[in-house]
Amino acid sequence: MAKACGKIILFGEHAVVYNRPGIALPVLTYFTEISAYDSKEFSCCGDRVLDDDEKIKLNQLIEFVFSELKLKNNVHLHLESSLPISSGLGSSASLAISLIREVNNYFKLDLSKQEINELAFRCEKIFHGNPSGIDNTVITYEKPIYYNKDFKFIKLKKPLYFVIANTGKKPDTKTIVSELKFKYDNDKEKYNQIFQEIEEITNNAKTALENHDLNLIGNLMNKNHKLLQELGVSSPMLDLFCEISLQNNAYGAKLSGAGKGGNMIALVDEKNKDNLIKELSHISKEVFSICVRPTNLNSILKY
Ligand code: PMV
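These notes cover the structure that comes with them. Owing to the predicted nature of the structure, the values given are computational and were not obtained by experimental measurement.

Let us look at the packing of helix H8 (residues 236–247) against helix H9 (residues 273–281). Relative to each other, H8 and H9 sit at 145 degrees, their axes nearing to 10 Å. Helix-helix and strand crossings are classified by hand; for H8 and H9 the assignment is right-handed. Between H8 and H9, the contacting residues are Phe241, Ile244 and Ser245 on the first element and Leu276, Glu279 and Leu280 on the second. The residue inventory of the contact of H8 with H9, partitioned by class, reads 4 nonpolar, 1 polar and 1 charged.

In structure tokens form, the structure reads like this:
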């Protein structure tokens, strides 16, 4: 059995596709889990049934991984997932990484983390067209990262608490990224200026995270959200979630991931999280909190 966690993008989504830095955090409370057995059949368990589109994507992913590793697919794979698919918590990268890790274990391939990450990146290309690589990297290494093609770990001093609210609308990352590329190609000056501002925010956020400066992190999240609005990737519901979060003592709030749906994340004090969850629950069906702890210690996941 092999597991892979989820993730949130804290700063720099979209800009990271244009070779600007991004910051992502692992979400170790939700995960995808795959087990391989000896016969050829795919089965899926857990609390939800996959729709046809998801099944097709899964089969494509499995075929791709086996063919890239030059293996014959003669195993039975069993999937369990507590990560909502297409919710912005990195379900596609998490699925790819749990699959690669399990195939690695089962066939005793001895792949390194770097090799797993590189193959997961190629898997991401199937579904996202032009991924930055931030999702597969943070999920492979399970630590906060500052990512700019290459990456550095960010050492947190203390736990960070976030409230996450889902809009209920699945973001189509591939389409949103290619729509933005179209706009970028028609006005490079405007979009490079926005990406430059996001880059500065992300760089300042790295230091703020290392210093556990919650006010500054929150402030930078708000600024990043405004720039994402200017990129045209927010939505009225995401903006409303942010407003409600700020009215309820969040340090900062922004959309996370591709946008136009998916999740809003708000940085909060632990003591304020339950109240914010209650307020957001009036308009979102899925609101929960996560805690991202300093991960300088060994990972809590076994694979
Ligand atoms: O939709 P998500 O949560 O996988 O996030 C996509 C983030 C983008 O920056 C928009 C795309 C990318 O590949 O980094």
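So that's the structure; there's more coming.
Further remarks concern the pattern of salt bridges. Counted under the stated rule, the structure contains 10 salt bridges. Ionic pairing is found between Lys260 and Glu179, a salt bridge with its closest N-O pair at 3.0 Å. With Lys260 in the loop between strand S8 (252–256) and strand S9 (263–268) and Glu179 in helix H5 (residues 173–186), this residue pair connects regions lying 81 residues apart in the sequence. Given the relative accessible area of 37%, Glu179 is considered partly exposed. One salt bridge in this structure joins Asp274 and Lys273, with 3.6 Å as the shortest N-O distance.

This brings us to helix H1 (residues 52–68). Structural remark: α-helix, 3.6 residues per turn; residues separated by three or four positions point the same way. Under the 1.5 Å per step criterion, the end-to-end length of H1 is 24 Å for 17 residues, consistent within 8% with the ideal 24 Å. A positive phi of about 55 degrees marks Lys70, the residue just after H1.

Another aspect to go through is the site of the ligand. The environment of the ligand is made up of 15 residues, and the closest members are Lys7, His14, Ser132, Asp135 and Thr173. One nitrogen or oxygen atom from the side chain of Asp135 is found 2.7 Å from an oxygen atom belonging to the ligand. At 2.7 Å, a side-chain N or O of Thr173 approaches an oxygen atom of the ligand. Coverage of the ligand by the protein amounts to 94% of the 380 Å² it exposes when considered alone. Sorting the residues of the shell around the ligand by element identifies strand S1 (2–11), helix H4 (134–141) and H5 as the ones contributing at least two each. The residue inventory of the shell around the ligand, partitioned by class, reads 7 nonpolar, 5 polar and 3 charged.

Before going further, it helps to spend a moment on the packing of helix H3 (residues 113–128) against H4. Between two packed helices, the angle of one axis relative to the other and the distance separating the axes together describe the packing. Their axes nearest at 9 Å, the elements H3 and H4 cross at an angle of 145 degrees. In the packing of H3 onto H4, the handedness of the crossing is right-handed. Within the contact between the two elements, H3 uses Lys113, Gln114, Asn117, Ala120, Phe121 and Glu124 and H4 uses Asp135, Asn136, Thr137, Thr140 and Tyr141. Of the residues contributing to the contact of H3 with H4, the split by class is 3 nonpolar, 5 polar and 3 charged.

With that settled, consider the environment of Gly257. The topology assignment puts Gly257 in the loop between S8 and S9. A residue is classified by how much of its surface remains accessible, and Gly257, at 8% relative accessible area, is buried. Between the C-alpha atom of Gly257 and that of Val233, which follows or precedes it by 24 residues, the distance is 9.7 Å.

Quick notes on the rules
Residues numbered from 1 in each chain as written. Predicted model: local features only at pLDDT ≥ 70, side-chain atom pairs only at ≥ 80, totals over all residues. Heavy atoms only, no water. Axes fitted to C-alpha atoms, helices over the stretch in contact; angles between N-to-C directions. Helix = DSSP H or I, 4+ residues; strand = E, 2+ residues; numbered from the N terminus. Left-handed = near helix turned anticlockwise from the far one by under 90°. Contact = heavy atoms within 4.5 Å. Nonpolar A, V, L, I, M, F, W, Y, C, P; charged D, E, K, R; others polar. Salt bridge = Lys/Arg side-chain N within 4 Å of Asp/Glu carboxyl O. Buried < 20%, exposed > 50% of the residue type's maximum accessible area, 1.4 Å probe, protein only. Expected span 1.5 Å × (residues − 1). Near = heavy atom within 4 Å. Polar contact = N/O pair within 3.5 Å; in protein donor to acceptor, adjacent residues only side chain to side chain. Areas by Shrake-Rupley, 256 points an atom, 1.4 Å probe, with all protein chains shown as cover.

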